[in-house]
Amino acid sequence: MHANPVSRNAERVRTALGQWPPTAWLIGGEEAAASHTARQGLLAALMIMVGSWGVGWLAMTPQSLLALNPLLLPLRTTTAGVVVCTVLLVLGALLLLRSWLRLSQRVGSWSPRATPVMHRTLFMWAAPLMFSLPIFSRDVYSYLAQGRVLHAGLNPYEDGVSELPGWFMEGADGLWAESPSPYGPLFLVLAQIIWFVSGGVPEIAILLFRCLSLIGMALMLYCIPRLARAFGSEPSWALWLCLLNPMTLLVFVAAAHNDSLMIGLMLAGTLAALRRRRLLGVLLLVAAIAVKPIALVVLPFILLLPLKDTASLWRRAREWALGGAVAVVLLVAGGAALGIGLGWVSAALGAGAAVLQAAPVGLLGIGIGALVEVLSGVDAALVTQAVYTLARVVAGVVVATLLLRRSVGNPVLWAAYGLTVVVLTSSIIQPWYLLWLLPFFAVVHVYRGRALVLVTTIITVMVLLSMVGQLSVAQWIDAAVINGIAISVVSVYLIYVVFLDPNTTEFFDMRRRSQRWNAELGWKRLRELTPPRRSWAAEDIYDKDSR
C-alpha cells in the first residue's frame with residue numbers, strides 16, 4: 001500500500017465512514033468483502049445513468065419518446081443541469097473504474113468461488129446502464145439508420161444514410177453520411193428488423209440493440225469460463241478482465257455496440273470447435289464475420305482446434321479447405337439473398353475512411369504523404385493510401401506466417417496474436433478494439449506485472465478520454481466550459497487513483513516484470529512460457545469442461 005499524507009487521510013475518512021451507519025453499507029467492510037465494492041460499482045452505474053440523461057446522445061425526431069420529455073428538458077437545456085450531469089457522468093465513470101480495480105483485490109483469491117461473485121457483480125453494474133442514453137459512442141443511431149436504408153430497398157454498401165430524409169435528426173453521426181456500412185450482412189438484416197419492429201422510435205430501437213449486445217455478453221459469460229478451464233487459465237480472472245472492466249460495460253451496454261455480438265459468436269464458435277463440433281463452430285464463426293468482417297482473421301486459427309495434432313500441414317490445409325468452403329458458400333448465399341452481393345467485403349476494407357486516421361499507422365501514412373508531396377509533388381492522398389495498403393500486406397504476411405509455421409502453438413492464443421497484428425497495423429484504432437483481443441488472451445493465460453498494467457492503463461485512458469470527448473451539449477450552452485469542467489474532474493480523480501489512492505496505485509506500477517500463468521506450468525516470464533500442446537487437444541476436454 002502506497003503511504004503518503006493524502007492516502008493516510010483518505011484511509012482515515014474511509015474508516016470513519018465505514019463505521020457510520022448511513023454509509024457503512026457502501027464504504028468499509030473487511031478487505032476481502034467484495035460486496036462493498038460491488039455496491040460502489042452499482043452506485044457508479046446509477047450516476048452514469050442519471051448523467052447520461054443530461055449529456056448522452058438523444059435523437060430529436062418526432063418519433064422520439066424523450067426528445068421533449070419535461071423531466072429531461074431541465075437536465076439538457078439549462079447550464080446547471082448540464083454541469084450536474086457532466087460531473088455525475090465523469091465521476092461515475094471514475095468510480096466504476098476504481099470499483100473494477102478494487103474488486104480484483106477484495107474478491108480474495110482467484111478461484112472457483114470467485115466466479116459467482118463476478119456473475120452477480122456484472123448483473124448489478126450492467127442493469128442501470130440499460131436505462132441510460134447512449135454514451136461513449138453514438139454508433140447505435142448509425143445502426144438504426146443503416147437498417148432503415150436496407151429497409152428502403154437501398155444497398156447500405158453503396159448508399160450512405162444521407163440518402164434518406166431526416167437521417168441527421170435520427171442521431172447518426174455526420175461522418176457516416178456518405179460512407180458505406182462497415183458491418184456484415186447478418187447485422188444489417190438485424191438492424192432492418194429492429195427498424196421495422198421499433199417503428200423508427202429511437203428509444204425502442206436502442207433497447208433492442210442493447211438486447212442484441214446482451215446476447216453477445218451472455219455468450220461470453222457462458223464461453224469464457226469453459227474455455228479458460230480447458231486451456232488452464234482462471235475463469236474468474238478472465239471474467240473480471242473481459243466483462244467487468246468499465247470499457248466493456250460502457251461500450252456493450254450503454255453504447256449498445258455490435259462488437260459484443262461479434263465477440264460472443266467468435267467465442268461460441270471457438271468452444272464448439274474445441275468440442276470438435278466442426279460444422280457448428282464454422283456456422284458460429286461465419287455468423288460473427290457476418291456481423292463484423294474483422295472476425296475473418298480468427299477463422300483459420302480456430303479451424304485448427306478440432307485437430308489432435310497440427311504438425312501436418314496437410315491436415316491443416318484440409319481443415320481450411322473444408323471450413324473455408326462452408327464459410328464462402330454461406331457468405332455468398334447471404335449476400336445474394338439480400339441483393340447486395342459481396343459489397344460488404346470492399347466496404348469493410350475501406351471502413352472508417354471518414355474517421356480521423358489517429359492510429360500510429362494512420363498518422364505515419366498522413367505524415368509520409370505530406371512529406372512526399374512537399375518533396376516531389378506527388379499527391380499526398382495516393383502516398384497515404386499506399387502506406388495503408390502496405391500495412392495491410394504486412395499484417396497478412398504475419399498472419400500467414402503464424403498459420404504456416406511447422407510448429408503451431410495454441411490456436412486460440414495465436415488467433416489473439418494475429419488479431420493484435422491486424423489491429424496494430426490498422427490506420428484507425430478505436431478504444432473498443434482492445435475488447436476484441438482480451439478474451440483470446442485471457443482464456444489461455446492469467447497475466448500480471450507490466451502486461452496487466454499496460455492493459456489497465458489503456459482501459460483507464462480510453463474510458464476517460466471518451467467520457468470527456470463524447471458529451472452531447474446543446475448549442476446554446478458553452479461546450480468549452482462543460483468540457484473544461486469534465487477535464488478538471490477527470491484530472492483530479494485520475495491523479496488520486498494513479499498516484500495517491502493507497503489501494504489502486506499498484507495497478508499502475510510499471511516496475512513489476514510481466515508474467516503469465518497457466519495451470520500446467522504455473523507462473524513464467526512471457527518469453528519462457530510455451531503453451532502446452534495437450535491443453536487444447538486433450539481427449540478429456542469434456543471432463544475438464546464439466547468441473
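What counts and what doesn't
Residues numbered from 1 in each chain as written. Predicted model: local features only at pLDDT ≥ 70, side-chain atom pairs only at ≥ 80, totals over all residues. Heavy atoms only, no water. Phe/Tyr/Trp six-rings, centres within 6.5 Å; stacked < 30°, edge-to-face > 60°. Helix = DSSP H or I, 4+ residues; strand = E, 2+ residues; numbered from the N terminus. Lys NZ or Arg CZ within 6 Å of the ring centre and 35° of its normal. Pairing = 2+ DSSP bridges. Buried < 20%, exposed > 50% of the residue type's maximum accessible area, 1.4 Å probe, protein only. Salt bridge = Lys/Arg side-chain N within 4 Å of Asp/Glu carboxyl O. Core = buried A, V, L, I, M, F, W, Y, C linked by side-chain atoms within 4.5 Å. Axes fitted to C-alpha atoms, helices over the stretch in contact; angles between N-to-C directions. Parallel < 35°, antiparallel > 145°, perpendicular 65-115°, else oblique. Left-handed = near helix turned anticlockwise from the far one by under 90°. Contact = heavy atoms within 4.5 Å. Nonpolar A, V, L, I, M, F, W, Y, C, P; charged D, E, K, R; others polar. Patch = residues over 30% accessible without salt bridge, like charges linked within 9 Å, V, L, I, M, F, W, Y side chains within 5 Å. Areas by Shrake-Rupley, 256 points an atom, 1.4 Å probe, with all protein chains shown as cover. Lys, Arg positive; Asp, Glu negative; His and termini not counted. Charge placed at Lys NZ, Arg CZ, Asp CG, Glu CD. pLDDT = per-residue confidence, 0-100.

A.B. asks: Hey, could you go over the packing of aromatic side chains for me, with residue numbers and the actual values?
C.D. replies: A complete count under the given rule lists 12 aromatic pairs for this structure. Plain terms: the ring middles of W110 and W240 are 5.8 Å apart, the flat faces sit at 45° to each other, and that makes the pair tilted. Placement of the pair is W110 in the loop between α5 (79-106) and α6 (114-129) and W240 in helix α10 (residues 235-243), with a sequence separation of 130 residues. Here the aromatic residues Y143, Y183, F187 and F209 are joined through ring pairs into a cluster of three or more. Note that R138 overlies the ring of W57, its terminal NZ or CZ placed 4.2 Å from the centroid.

A.B. asks: Residues and numbers for the pairing of strand β2 (residues 515-518), please.
C.D. replies: Both strand β1 (residues 446-448) and β2 contribute to a ladder of three bridges, which runs antiparallel. Across the sheet, Y447 pairs through a bridge with R516, a residue of β2. By the bridge criterion, four bridges tie β2 to strand β3 (residues 522-525) in an arrangement that is antiparallel. Each bridged residue has a counterpart across the sheet, and for W517 the counterpart in β3 is W523. Once β2 ends, the chain turns through three residues before running back antiparallel as β3.

A.B. asks: Lay out unusual backbone geometry in plain terms, naming residues and giving numbers.
C.D. replies: The phi dihedral of A256 falls on the positive side, at around 55°, and the residue is not glycine. In this fold, A256 is placed in the loop between α11 (246-254) and α12 (259-274). Its relative accessible area of 2% is what places A256 among the buried residues. Here the phi dihedral of R276 falls at roughly 65°; this positive angle occurs in a residue that is not glycine. Within the secondary structure layout, R276 lies in the loop between α12 and α13 (278-289).

A.B. asks: Could you give me a rundown of the pattern of salt bridges, with the residues and numbers involved?
C.D. replies: On inspection of all chains with the given rule, the structure shows five salt bridges. A salt bridge links R98 to D501; the shortest N-O distance between them is 2.5 Å. Pair noted here: R98 is in helix α5 and D501 is in the loop between α22 (479-500) and β2, with a separation of 403 residues, a long-range link. Per residue, the accessibility class of R98 equals that of D501, and both read buried. The salt bridge involving E319 is made with R278; its shortest N-O contact spans 3.2 Å. Remark: R278 occurs in helix α13 and E319 occurs in helix α15 (residues 313-338); sequence separation between them is 41 residues. Overall, E319 belongs to the buried group, its relative accessible area being 7%.

A.B. asks: With reference to specific residues and values, describe the nonpolar core.
C.D. replies: Nonpolar side chains tend toward joint burial in soluble globular proteins. Residues W100, F136, F209, L241, I263 and V463 are the most contacted members of the largest nonpolar core, which totals 145 residues. No other element matches helix α9 (residues 202-231), which puts 12 residues into this core. Listed in part, the seven residues of the second largest apolar core include V149, W167, A172 and A177.

A.B. asks: Any details on the packing of α12 against α13? Residues and values, ideally.
C.D. replies: With their axes 8 Å apart at the nearest point, α12 and α13 run at an angle of 165° to one another. Between α12 and α13, the angle falls in the class roughly antiparallel. In terms of crossing hand, the pair formed by α12 and α13 is left-handed. Taking contact as the criterion, the partners of M262, L265, M266, A268, G269, A272 and A273 in α12 are, on α13, L280, G281, L284, L285, A287 and A288. Considered class by class, the residues forming the contact of α12 with α13 number 11 nonpolar, two polar and no charged.

A.B. asks: Describe in detail a positive patch on the surface, supporting the description with residues and values.
C.D. replies: Residues R448, R450, R512, R513, R525 and R527 make up a contiguous surface patch of positive charge. Note that R513 resides in the loop between α22 and β2.

A.B. asks: Describe the environment of S179, naming the residues involved and giving the relevant values.
C.D. replies: Take S179: it is sitting in the loop between α7 (139-151) and α8 (185-198). What makes S179 buried here is its relative accessible area of 15%. In this structure, the C-alpha to C-alpha distance between S179 and E158, residues 21 residues apart in sequence, is 8.1 Å.

A.B. asks: Describe in detail the confidence of the model for the chain, supporting the description with residues and values.
C.D. replies: A residue-level look at the chain finds 87% of positions with pLDDT of 70 or above and a mean pLDDT of 86. When pLDDT is averaged over each element of the chain, α10 comes out on top at 97 and helix α24 (residues 541-546) at the bottom at 46. Predicted confidence for residues 542-547 stays below pLDDT 50, and this span has eight contacts to residues more than four positions away or in other chains.

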